[in-house]
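Fold and contact review
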Amino acid sequence: MENLSTVLIKNTSHVVGYKNGGHYLIKNGQIAYKGNEIIYVGKKFEGQVDEVVDAKGGLVIPGFVNVHAHMGTGPVDKGFIEDCGTPNLYMTTLYEYNRGIKGLAIEDLLKVMDFSLAEMIPKGSTTIQELGKATDEMVQKIGESGVRAYIGMHSCPGTAKTYDGKSVVNSEPDLKYGYSQLEKNVLLKEKFDGKYHDRVHITLFPGEDECTPPEFLKEVRHLADLHKMKITIHTGQSVQEYNYIVEKYGVTPAQYLVDNGICGPDVFWTHYYLKSGHHLNPRKMPGELELMAETKTNLVHCPWVVGRRGYAMESLQQYLEKGINVVLGTDTFPQDMLYEMRAASVICKIMEGGDPFAASAKTIFDMATLGGAKALGREDLGRLAPGAKADIVIFDTKNMDFLPYRDPIKILVYTARSVYIDRVIVDGNTLVANGKNLRVSEQEYEKLYEQLQDVATRKWAAIHEQDWAGRSIEEMSPLSYPEE
Ligand SMILES: [Zn+2]
């Protein structure tokens with residue numbers, strides 16, 4: 001039965017409201033929602049109320065729209081892939097180290113996904129785009145978690161990896177496999193799209209541009225139009241991939257995708273850091289940002305994961321100045337939008353050669369909320385306004401991160417940690433209260449920790465099986481200090 005009671009949130013420091021196309025701050029504001037819909041945002045609600053939530057002087061914001069996650073695998077990389085890279089492959093980890101976490105069994109993917117959901121929701125992601133295996137069980141798990149989700153099934157017909165640590169081999173695409181995955185993806189949509197009170201939607205995820213030939217991409221576009229599905233693709237994320245596309249097709253990855261229909265307001269290009277002009281890319285091929293802007297393609301920025309690899313967007317400011325809708329995702333780990341917001345802002349200021357005005361807190365907060373909502377075509381997400389969905393996060397503000405308290409958006413982007421999230425509401429349902437996940441008990445958290453550790457430990461022990469040189473994890477990724 002749908003709960004249609006009216007809930008009033010009061011005693012706030014601020015509510016981040018939305019009007020006239022932008023966020024604004026309402027000091028000591030109130031917000032009311034009925035069922036899953038916000039009905040009031042302002043100074044004082046006068047209507048009938050069934051339940052009052054005391055925000056305890058906290059900050060009320062719209063939940064984060066996190067458009068790129070790999071919940072079934074991402075956390076398993078942790079403590080392994082950092083401080084690693086392949087010197088002969090421009091230091092990327094993609095073709096050698098990322099192999100190490102590939103190939104988890106479905107039951108292990110499900111365990112990692114449980115961990116991810118229990119991490120991401122209390123850290124304020126109320127909408128998540130998940131990209132991965134996407135079996136029925138995984139979709140059900142996400143649906144039952146209470147979060148709002150867009151889920152794409154990995155349907156890449158090929159793989160790119162190294163067999164010698166110095167070159168990358170792009171396998172001959174297995175189109176039969178790719179098409180069968182696309183078919184499954186469409187069936188998944190028919191089965192689950194709009195389910196769980198319209199919280200779950202199914203998208204397309206053809207994988208990586210270098211492993212997807214033109215005829216496959218054209219089929220992806222055809223299906224996207226036919227079934228009204230959004231598309232995510234990894235692109236512009238390594239020098240090898242960039243060179244491969246240029247050498248094979250004679251155009252930039254951006255042009256390659258545009259030529260094959262993988263562009264537009266319904267498309268997420270994830271990464272695209274290594275455009276011409278990036279210091280790691282010596283090619284001089286013009287027009288990539290212009291193509292992104294002209295086609296209104298959304299650009300997914302995951303600054304923390306690539307920052308760990310040693311490079312950055314050069315720079316976010318340039319992409320924004322072209323009018324590109326840049327949106328944020330947590331990618332692998334930590335699955336915490338505050339990390340991405342902070343990295344996006346600070347790295348941009350550095351890349352701009354010392355410009356503190358670049359990538360302001362306002363710009364970044366807009367990306368993490370309104371930008372993601374726009375990319376998903378949702379005018380009812382990423383904002384707190386009457387008619388919007390009741391996807392709400394409340395931060396405790398009486399703590400060392402938030403004080404002294406003046407500009408809450410600057411604090412969120414530059415200082416605050418997600419441990420100070422007190423309440424998370426998705427679709428009008430309270431999932432976190434008083435900092436506690438209401439759907440996962442403390443005993444269940446213990447189990448999630450054990451399960452993740454077990455999955456990772458088994459994976460680490462078997463890593464030589466997937467390494468071209470047959471190395472152990474200690475050889476591939478030495479511990480920071482000797483261990484006795
Ligand atoms: Zn990704």
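Scroll up a little and you will see the structure.
Residues numbered from 1 in each chain as written. Predicted model: local features only at pLDDT ≥ 70, side-chain atom pairs only at ≥ 80, totals over all residues. Heavy atoms only, no water.

1. What about the packing of aromatic side chains?
This is how the line gets drawn: In summary, the pairing rule links any two rings of Phe, Tyr or Trp, Trp by its six-membered ring, whose centres are within 6.5 Å, and it sorts them by plane angle into stacked for under 30 degrees, edge-to-face for over 60 and tilted for everything else. Charges are assigned to positions over rings by a cutoff of 6 Å between ring centre and Lys NZ or Arg CZ, combined with an angular limit of 35 degrees from the ring normal.
One pass over the full model with this rule turns up 11 aromatic pairs. Linked through ring pairs, Phe-115, Tyr-445 and Tyr-449 together constitute an aromatic cluster. Its end group placed over the ring of Phe-333, Arg-308 keeps NZ or CZ at 3.8 Å from the ring centre. Between Arg-383 and the ring centre of Tyr-18, over which it is positioned, the NZ or CZ distance is 4.8 Å.

2. As for the pairing of strand 2 (residues 22-27)
What counts here: At least two DSSP bridges between two strands are required for those strands to pair. Counting from the N terminus, the helices are the DSSP runs of H or I reaching at least four residues and the strands are the DSSP runs of E reaching at least two.
Bridge count for strand 1 (residues 6-19) against strand 2 is six bridges, and the pairing is antiparallel. Following the sheet pairing, Lys-19 is matched in strand 2 by Gly-22. Linking strand 1 back to strand 2 in an antiparallel pair, the connection comprises two residues, with Asn-20 at a positive phi of about 50 degrees.

3. Structural notes on the nonpolar core
As a reminder of what qualifies: Only buried Ala, Val, Leu, Ile, Met, Phe, Trp, Tyr and Cys residues count toward a nonpolar core, and they belong to the same one when joined by side-chain atoms within 4.5 Å. Working definition: with a 1.4 Å probe on protein chains only, accessible area under 20% of the residue-type maximum means buried, over 50% means exposed, and in between means partly exposed. Reported domain spans reflect what an automatic or database domain assignment gives. By definition, residues are in contact when any of their heavy atoms lie within 4.5 Å.
Grouped together as the largest cluster of nonpolar side chains are 106 residues, with contacts concentrated most on Trp-269 and Leu-412. Ranked by residues supplied to this core, first place goes to helix 1 (residues 106-120) with seven residues. Split by domain, this core shows at least three residues from each of two domains, domain 1 (6-62 + 385-437) and domain 2 (64-375). Setting aside residues up to four positions removed in sequence, Leu-412 forms contacts with Leu-59, Ile-61, Leu-338, Arg-342, Phe-365, Phe-395 and Phe-402. Judged by nonpolar contacts, the second largest core, of 17 residues, contains Ile-31, Ile-38, Val-60 and Ala-388.

4. A look at helix 12 (residues 361-375)
Threshold: Take the number of residues in a helix, subtract one, and multiply by 1.5 Å to get its expected span. The bend reported for a residue corresponds to the angle between axes fitted to the seven residues ending at that residue and the seven starting there.
The first and last C-alpha atoms of helix 12 sit 20 Å apart over 15 residues, in line with the 21 Å expected at 1.5 Å per residue. The principal kink in helix 12, of about 45 degrees, is found at Met-367. The element helix 12 is largely enclosed, with a buried count of 11 among its 15 residues. Two residues or fewer after helix 12 comes Gly-377, characterised by a positive phi angle close to 70 degrees.

5. Some remarks on the pattern of salt bridges
Proximity of charged atoms lets side chains of opposite charge pair with each other. For clarity, the threshold we go by: Only one rule defines a salt bridge in this text: a Lys or Arg side-chain nitrogen within 4 Å of an Asp or Glu carboxyl oxygen.
Following the criterion strictly, the structure yields 21 salt bridges and no others. With a shortest N-O distance of 2.9 Å, Asp-427 and Arg-148 are connected by a salt bridge. With Asp-427 in the loop between strand 17 (421-426) and strand 18 (429-433) and Arg-148 in strand 8 (residues 148-154), the pair connects residues that are 279 residues apart, well separated along the chain. Accessibility assignment for this pair places Asp-427 and Arg-148 in one class, buried.

6. Overview of the pairing of strand 4 (residues 37-42)
Direction of pairing for strand 3 (residues 30-34) relative to strand 4: antiparallel, over a ladder of five bridges. In the sheet register, Ile-31 faces strand 4, and the bridge partner there is Val-41.

7. Section: empty space enclosed by the protein
Empty space among the atoms becomes apparent when a probe as large as a water molecule is rolled across them. Applicable threshold: Each cavity reported here is a set of points on a 1 Å grid over the protein atoms alone in which a 1.4 Å probe fits but cannot get out, each pocket an open set with protein on both sides within 12 Å along at least five of seven lines, and each lining residue one with an atom within 4 Å of a point. Grid points are joined across faces, edges and corners, and a volume is the space filled by probe spheres set on the points. Classification convention: Asp, Glu, Lys, Arg as charged; Ala, Val, Leu, Ile, Met, Phe, Trp, Tyr, Cys, Pro as nonpolar; all other residues, Gly among them, as polar.
Applying the stated criterion across every chain yields a total of three cavities of 30 Å³ or more. In this structure, the largest cavity occupies an estimated 110 Å³ of space. As for the largest cavity, its lining consists of Asp-77, Ile-81, Glu-82, Asp-83, Cys-84, Thr-93, Asn-98, Val-305, Arg-308, Arg-309 and Thr-332. Along the lines of polarity and charge, the residues of the lining of the largest cavity split into three nonpolar, three polar and five charged.

8. With respect to a nonpolar patch on the surface
Operational definition: Patches in this entry comprise residues that are over 30% relatively accessible and not in a salt bridge; like charges within 9 Å are linked, as are nonpolar side chains (Val, Leu, Ile, Met, Phe, Trp, Tyr) within 5 Å. Each accessible area is a Shrake-Rupley estimate made with a 1.4 Å probe; only the visible protein chains count as cover when residues are assessed.
Judged by side-chain polarity, Tyr-163, Val-169 and Trp-468 come together as a nonpolar surface patch covering roughly 300 Å² of accessible area. Residue position: Tyr-163 is located in the loop between strand 9 (160-161) and strand 10 (169-170).

9. Quick look at the layout of surface pockets
Quantified by volume, the largest pocket comes out at close to 1100 Å³. Residue lining of the largest pocket: 48 residues in total, with Thr-73, Lys-102, His-154, Phe-205 and Glu-208 positioned closest to the centre. At the level of elements, helix 1, strand 7 (125-132), helix 2 (136-145), strand 8, strand 9, helix 3 (175-192) and strand 11 (200-208) are the ones that each hand at least two residues to the lining of the largest pocket. Among the elements that take part in the lining of the largest pocket, helix 3 stands out by supplying six residues, more than any other. Across the lining of the largest pocket, the residue classes break down as 18 nonpolar, 17 polar and 13 charged.

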